[in-house]
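Below are the chains, spelled out letter by letter.
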Amino acid sequence: MAHINILPKEVYSLIAAGEVVERPMSVVKEMLENSIDAGARHITLEIKNGGTTYIRITDDGSGIAREDVRKVFISHATSKIHTGEDLNSIGTLGFRGEAMASIAAVSKVELLTKTRDENIGTRYEISGGEEISLADAGCPDGTTTVVRDIFYNVPARMKFLKKDVTEGNAVQSVVERIALSHPEISFRFIREGRQALVTSGNSDLKGTIYSVFGSDLSDTLIEADYSYNSMRLTGYVSRPHQSRKSRSMQFFFINGRLVKSATAMAALEQAYKNVIMVGRFPACVLNIEIDPQLVDVNVHPSKTEVRFVNKKAVFDLVYYGVKTAIETKNSVKEGTFSSAGGEKPYKNLEKESAEIDFGVKPPQPSQLKFSDARIQNPWRVEAPSDYQTHRRSESYGDPKDYKIKTGRIFSENETVSENEYSTTVSVDFSDKKERQNEPASYADKNNDSEGAESAVTVVDEKDAAPVFKVVGEAFNTYIIVEIKNDLYYIDKHAAHERMNFERLKKDAAQNGIASQALLQPVAVSMTPEEYDAVITNLPLLSKCGFTAEDFGRNTVIVREIPALLDGCDVKDLILEIAQKLLEHKTDIEPEKMDWIFHSSSCRAAVKGGDKTSPQEREMFVEKLLSMPEIRYCPHGRPVMIKISRYELEKQFGRVQ
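In this report, we go over the structure that sits alongside the text. (Residues numbered from 1 in each chain as written. Predicted model: local features only at pLDDT ≥ 70, side-chain atom pairs only at ≥ 80, totals over all residues. Heavy atoms only, no water.)

The strand order β22-β24-β23 describes an open sheet built from three strands, whose pairing is antiparallel. Each edge of the open sheet carries a strand with a single partner, namely β22 (515-525) and β23 (547-552). Each adjacent strand pair in this sheet contributes to an overall mean axis angle of 15 degrees, direction not counted. Pairing of β22 with strand β24 (residues 555-562) involves seven bridges; the strand directions are antiparallel. Residue Gln-516 lies in a different strand from β24, and its bridge partner there is Ile-561. Packing against the sheet, helix α12 (residues 528-536) makes contact with β23 and β24, and its axis sits at approximately 45 degrees to β24. Against the sheet, helix α14 (residues 570-583) engages β22 and β24, with an angle of about 65 degrees to β22. (Pairing = 2+ DSSP bridges. Helix = DSSP H or I, 4+ residues; strand = E, 2+ residues; numbered from the N terminus. Axes fitted to C-alpha atoms, helices over the stretch in contact; angles between N-to-C directions. Contact = heavy atoms within 4.5 Å.)

The next point concerns the packing of helix α11 (residues 492-509) against helix α16 (residues 614-625). Close contact between α11 and α16 brings their axes to 11 Å; oriented N to C, the two are set at 55 degrees. Judged by the inter-axis angle, α11 sits oblique to α16. Judged by the sense of rotation from one axis to the other, the crossing of α11 with α16 is left-handed. In this structure, α11 uses Lys-492, Ala-495, His-496 and Met-499 to contact α16, whose residues at the interface are Phe-620, Lys-623 and Leu-624. Partitioned by chemical class, the residues of the contact of α11 with α16 number four nonpolar, one polar and two charged. (Parallel < 35°, antiparallel > 145°, perpendicular 65-115°, else oblique. Left-handed = near helix turned anticlockwise from the far one by under 90°. Nonpolar A, V, L, I, M, F, W, Y, C, P; charged D, E, K, R; others polar.)

Another point: unusual backbone geometry. Phi is positive for Asn-49, which is not a glycine, with a value near 55 degrees. Judged by its relative accessible area of 33%, Asn-49 is partly exposed. Despite not being glycine, Asp-149 shows a phi value in the positive range, around 50 degrees. Inspection of the secondary structure assignment puts Asp-149 in the loop between β6 (142-148) and α4 (155-158). (Buried < 20%, exposed > 50% of the residue type's maximum accessible area, 1.4 Å probe, protein only.)

It is worth spelling out the state of the cysteines at this point. Enumeration over the complete set of coordinates arrives at zero disulfides. Free of any disulfide, Cys-633 has its nearest neighbouring cysteine sulfur in Cys-602, separated by 8.3 Å. (Disulfide = S-S within 2.5 Å.)

Following this line, the structure appears as structure tokens:
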């Protein structure tokens, strides 16, 4: 039987150090956090050979009193907490009291420090956990720590260190993330004798992002600032059309601490659902301010993993905060030109160019509603789903001669069903000032029901589209619209697809989707697997506006479809839905409904290349511009692209 041995200090110190010190990056992270906890406003980091042979951190923090210097390098010695109750509300980045003891156990450390109350500083040396010297030193207020030769006494660990360039890149990555978490602190990073990073420390987060990543990221961001349930979300998120190929540019902080949070990541990507292309990911730099008692950071020695008392509340905060930023602060995608000589595209320098003001207001916390089964969007500004306003225009004759429906003009003598008025839109070719004084009281000549209310309504000014002029249409696909000093190129298929998608989601959440019976039911044969998937989800199809029945022999018969799908290939659509139901068996019901709506909306939308009349284009643009939430199709493609007058005049040499 083997005897149980009590390990000597030099052995268990090396074992404990392995949990904290993995590579130079770990050392830098721990020491930078100590400087921040000490109240430093300026921090300078210098490394050589990727940090394997030399790391120096200088700060102007509170410093360490001479009588406490030795305690810094004793395991479980810390100034951050005093009792067990303090673990319930940790407000500092460090608190374990393990970092400096672990660093000193595997390297050679020199510490220079002085408090503001002391007349002379202290110089302390420790190597491999053994004290070398303690003496007076002349030094400024604050602390300077020099770490040399990491793992000099642990050859087995040293051989796992990577190349100096790789280790240096890892150190720089840590510095960048910590700089993002504390824009109020000025960081200076010197790598191999060259300044690699400097931040201003003026609390400007976007300026810090620019200093760290340059304009490639900072120019794509919109601000997020949102409060909910005594929590606050601040920071920046990327515009949907400027997404990235990976999640590498997603940074989350909890009370200034860099963390990895699956909850925050899921909420972020849920907020971008249906406005970002599949396979693309948003970028973000977001800080969550939360009561320390509601989050546990004492999960792992690295302190990057946290647990929340209420994950749902954190999810709500991030989801609604990001969604609000996207809905209210995102601008239309900018179009640019590049010269034949390969120069960089011109940027829009016309800072005074006015954006379209759609009048969207961010939600108030009291208005928020959240359901585990379905995420609502309570602040969406909905255009009236069913209204008809006639305007007189010399170009298009007397408005009494037409009944108006998006995408089609009906003659007064043509018989139409009541459902065909469900997407009627207002048409206006005058200035906003004129519309306010113009009467809107043409009675609807529908004699099918006596005493029916008039379909005529006055468009509220806050929902009215901005003054615009339809210039024309390119390639029977892109409608060109002039608004003030900008041209907007509208992808009519993408825009119409999104309109249909929003209408289906709204109807499903309220009174149900209007269906129409097929004159001749459609029998759809499919594979046994697809057939089983459809039969299993018949109630789901019913919620989506389809009435289908089991017809036996791997066949279903479709009797009703959503009203807006008039004229589509029903068989092909059902086969597409069956395939998706088969591929996404584990998706929750709202997820399934969304991609069924995707398919339906796409098929019901006007196609690129289809000819549209001037009247249809006018009505379509009026409807689109009165719906500020329509910026992206359900697949994430932009609905419109803006090109400023300045861009055009730059190309023609009218401006310099």
